[in-house]
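# Architecture and fold: a report
One-letter residues, chain by chain:
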Amino acid sequence: GDVSCIKRGGYNLSEALGWPSSDYEETRTFVVQLACEHLNINKSWCSQTKTGLTIVFEEAKKRYHILDCYEDNWVVSDMLRIFLKNSHSC
């Protein structure tokens, strides 16, 4: 299921990662900051440019090397999906 859609077979990203909550929040906050700088937050995940997403993925991995351990940027992708689904402005 999709991230954060618990009632429809989804999962809680923070729980799935098993990171300390402070690490998760610090990483999530940085990813949101990157999204505000490099993505159009008024558009859905599917409408984002590949260039913008690539910048967010690369910058997040530069700061948080643990993200290199996760295939296909799925952690940052899920953080972005949650943020973009719920965002209106930065």
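We now turn to the structure provided with this report. (Residues numbered from 1 in each chain as written. Predicted model: local features only at pLDDT ≥ 70, side-chain atom pairs only at ≥ 80, totals over all residues. Heavy atoms only, no water.)

## Concerning helix 3 (residues 50-63)
- Its 14 residues place the ends of helix 3 20 Å apart at the C-alpha level, agreeing with the 20 Å of an ideal helix rising 1.5 Å per residue.
- Along helix 3, the positions that sit buried rather than exposed are Gly52, Leu53, Val56, Phe57, Ala60 and Lys61. When helix 3 is viewed along its axis, its buried side chains cluster within an angular range of 160 degrees and face the same direction. Seen from the open side of helix 3, the exposed residues pointing more than 90 degrees away from its buried face are Thr51 and Lys62.
- In this fold, the buried residues of helix 3 make contact with helix 2 (21-38) and helix 4 (74-86). (Helix = DSSP H or I, 4+ residues; strand = E, 2+ residues; numbered from the N terminus. Expected span 1.5 Å × (residues − 1). Buried < 20%, exposed > 50% of the residue type's maximum accessible area, 1.4 Å probe, protein only. Arc of directions from axis to C-beta. Contact = heavy atoms within 4.5 Å.)

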